[in-house]
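Structural features, examined
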Amino acid sequence: MPSPTDISIPDLTGKLAVVTGASDGIGQVIATRLAQAGADVVMPVRSAAKGESAAARIRAQAPKAKVTTAGLDLSSLDSVAALVDQLNAEGRPIDILINNAGVMTPPSRQETKDGFELQFGTNHLGHFALTLGLLPLLKAARARVTHQTSIAARSGEINWADLNWRDSYTAMKAYSQSKIAVALFARELDDRSRAGGWGISSNLSHPGVSPTNLLAAQPGMGRQRDTGGRRLIRVLSRLGIAGSVASAALPAVMAATDPAAHGDQFYGPKRTMAGPPVVLGQLWAPMRSLDDAHRLWQESERLVGVRFAA
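What comes next concerns the included structure.

What counts, and where the lines are drawn
- Residues numbered from 1 in each chain as written.
- Predicted model: local features only at pLDDT ≥ 70, side-chain atom pairs only at ≥ 80, totals over all residues.
- Heavy atoms only, no water.
- Helix = DSSP H or I, 4+ residues; strand = E, 2+ residues; numbered from the N terminus.
- Buried < 20%, exposed > 50% of the residue type's maximum accessible area, 1.4 Å probe, protein only.
- Contact = heavy atoms within 4.5 Å.
- Areas by Shrake-Rupley, 256 points an atom, 1.4 Å probe, with all protein chains shown as cover.
- Axes fitted to C-alpha atoms, helices over the stretch in contact; angles between N-to-C directions.
- Parallel < 35°, antiparallel > 145°, perpendicular 65-115°, else oblique.
- Pairing = 2+ DSSP bridges.
- Right-handed = clockwise from strand over helix to strand, strands pointing away.
- Core = buried A, V, L, I, M, F, W, Y, C linked by side-chain atoms within 4.5 Å.

Some thoughts on the overall build of the protein chain
- The helix and strand inventory of the protein chain stands at 10 helices and 8 strands.
- Per-residue burial over the protein chain gives 56% buried out of 310 residues.
- Look at the contacts in the protein chain between residues 6 or more apart in sequence, and 74% of them connect residues 24 or more apart.
- Total accessible area on the protein chain is roughly 12800 Å²; 51% of this is exposed by carbon and sulfur atoms.

See below:
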């Protein structure tokens, strides 16, 4: 039996799951739990070496698991297109897609390879393009798509006049926008699936607060040392106020696998920062407008171009 902070996962034998950001942290825990339940797991990663190391760790915990890696840099639409082409050519329907990867608060404004603000481009537009590119495989499996948002989406707004924050850039406001966008995309995808009979169930989750690598030293992004926030979160995690990496993964796992889950639901820790995963009673205010969700979809299609249009 699972502990009070754990969950039971149904048998996923024969199902294909794709998990972004699975080379460490929450994503690796998600991929491990899916593999232990019998799913075949594809881990799209930016670093092949880091991805293979993570896959080896997962196989050690789930010896019978079929875990593979694939190249993906969400900050490059060419890289997204290459993975989309690869998976569509292989032709296997995708039962579970968990859009988990993300970047957070670089020390200065940075852009993706396509000229988008880094957080908006990676956290939202990269996943938007990936999901739309994989729609044929998702429709074929009547898939569940789970999108990982953040506590940062409780407040803030979409900066419609300047989605890429070229003026008056504030790292945290841009991060909040990216995670609000993730949630609005999740809602619009489910709404369009219902209207179009796609058979896709799209929901969202947030992990609470845990000592992941989001705020760790990342020289490639210009952060030379761990932030003070990460050091504080480690202390809060030890005190039980914040969650662990393992517990923070559970809302997304539940959203993606629970037989009772359905589209447009929102999962998170019971105490917001930590605790067992639950279905949350209501969406946070910035996520509630379906008009905003529809508008964001249209703007996102315009930004990523026709090759990723639904």
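On we go.
Structural notes on the packing of helix α4 (residues 118-133) against helix α10 (residues 290-304)
- One can describe the packing of α4 onto α10 by two numbers: an axis separation of 10 Å at closest approach and a directional angle of 85 degrees. On the basis of the axis angle, α4 is roughly perpendicular to α10. In contact with Phe120, His124, Leu125, Phe128, Ala129 and Leu132 of α4, α10 contributes Leu296, Trp297, Ser300, Glu301, Leu303 and Val304.

Quick word on the pairing of strand β3 (residues 67-71)
- Pairing of strand β2 (residues 40-45) with β3 involves 5 bridges; the strand directions are parallel. In the sheet register, Met43 faces β3, and the bridge partner there is Thr69.
- Crossover connection from β2 via helix α2 (residues 48-61) to parallel β3: handedness right-handed.

Re the nonpolar core
- Ranked by size, the top nonpolar core spans 53 residues in total, and within it Val80, Ile94, Leu134, Leu138 and Met287 carry the most contacts.
- Breaking this core down by element, the ones donating at least two residues are β1 (16-19), α3 (77-90), α4, α5 (135-141), α6 (171-196) and α10.
- Sort the elements by how many residues they give to this core and α6 lands first, with 7 residues.
- Ala35, Ala37, Ala65 and Ala255 belong to the second-largest nonpolar core, a separate cluster that totals 33 residues.

Honestly, that's just the spatial picture; any functional story needs more than this.
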